[in-house]
Amino acid sequence: MILRFACFALAICLGLTSAQAQDDSAPLQTLLQANADAVANPSRSTVDGLLDALESDLPAVTEFLERWRDRGVYLRASDGLFYYARPSDGGFALTDIDTTADLGRAESADMAELRPNAGVRRAIGSALVAFQLLDDDPARRVAALDAIARSPSEDNFARRLRRASARSQHRRDTDTRQ
């Protein structure tokens with residue numbers, strides 16, 4: 001009985017360690033999994049909460065938002081994970097969300113394209129501007145300014161920009177201390 005309990009406890013500990021290792025190696029995927037329904041089935045009334053959760057220092061967030069807005073994100077039914085995908089040989093070529101590494105192919109029947117509606121895409125675009133204004137690439141910053149000029153009254157833009165600016169300042173402060 002004690003041996004069985006010890007084996008059970010060890011299995012739980014190993015499982016938690018494995019889950020933590022996965023979290024560390026795929027932080028964006030982990031964040032997306034924690035909000036899987038909101039990512040797969042977004043609505044204009046719920047997307048702001050998801051975008052708030054995605055506001056982080058993760059380098060992959062900007063690309064994810066761009067691809068999600070442009071309908072380049074897919075959900076694979078067999079494992080419930082999100083991927084960047086493109087049609088290839090009657091199926092899809094998969095790319096890892098966190099690392100952009102090539103992950104091989106998946107059958108079309110196993111993949112579901114995420115199709116955010118126009119209102120959700122506008123909200124994603126608004127969130128993207130804040131990220132792009134703080135980007136190291138001058139061309140991305142100019143593109144963000146162009147987006148502001150086209151539509152200066154974006155929803156929640158000022159709030160998102162303040163948060164992104166605070167994150168950027170925190171990163172600079174942390175880099176200076178090290």
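First, a word on what this report is: a plain description of the structure on this page. (Residues numbered from 1 in each chain as written. Predicted model: local features only at pLDDT ≥ 70, side-chain atom pairs only at ≥ 80, totals over all residues. Heavy atoms only, no water.)

1. Remarks on the pairing of strand E2 (residues 82-88)
At step 1: Where strand E1 (residues 73-76) meets E2, three bridges bridge the pair, whose relative direction is antiparallel. The partner of Val73 across the bridge, within E2, is Tyr84.
At step 2: What sits between E1 and E2 in their antiparallel hairpin is a turn of five residues, with Gly80 showing a positive phi close to 70 degrees.
At step 3: The pairing of E2 with strand E3 (residues 91-96) spans six bridges and is classified as antiparallel. Paired with Pro87 across the bridge in E3 is Phe92. (Pairing = 2+ DSSP bridges. Helix = DSSP H or I, 4+ residues; strand = E, 2+ residues; numbered from the N terminus.)

2. Structural notes on the sheet that holds E1
At step 1: With antiparallel pairing, five strands are arranged side by side in an open sheet as E4-E3-E2-E1-E5. This sheet does not close on itself; its edge strands, each paired only once, are strand E4 (102-107) and strand E5 (111-113). Sheet twist, expressed as the mean angle between neighbouring strand axes with direction ignored, is 45 degrees.
At step 2: Judged from the four bridges that link them, E3 and E4 form a sheet pairing that is antiparallel. Its bridge partner being in E4, Gly91 is matched across the sheet by Glu107. (Axes fitted to C-alpha atoms, helices over the stretch in contact; angles between N-to-C directions.)

3. Thoughts on the side chain of Asp98
At step 1: With respect to the element layout, Asp98 can be found in the loop between E3 and E4.
At step 2: For the buried Asp98, which has no salt bridge, the nearest side chain bearing the opposite charge is Arg67, at an N-O separation of 13 Å.
At step 3: Within polar-contact distance, the side chain of Asp98 engages the backbone nitrogen of Leu28 at 2.8 Å.
At step 4: Not counting chain neighbours up to four residues away, the residues in contact with Asp98 comprise Ser25, Ala26, Pro27, Leu28, Gln29 and Ala60. (Buried < 20%, exposed > 50% of the residue type's maximum accessible area, 1.4 Å probe, protein only. Lys, Arg positive; Asp, Glu negative; His and termini not counted. Salt bridge = Lys/Arg side-chain N within 4 Å of Asp/Glu carboxyl O. Polar contact = N/O pair within 3.5 Å; in protein donor to acceptor, adjacent residues only side chain to side chain. Contact = heavy atoms within 4.5 Å.)

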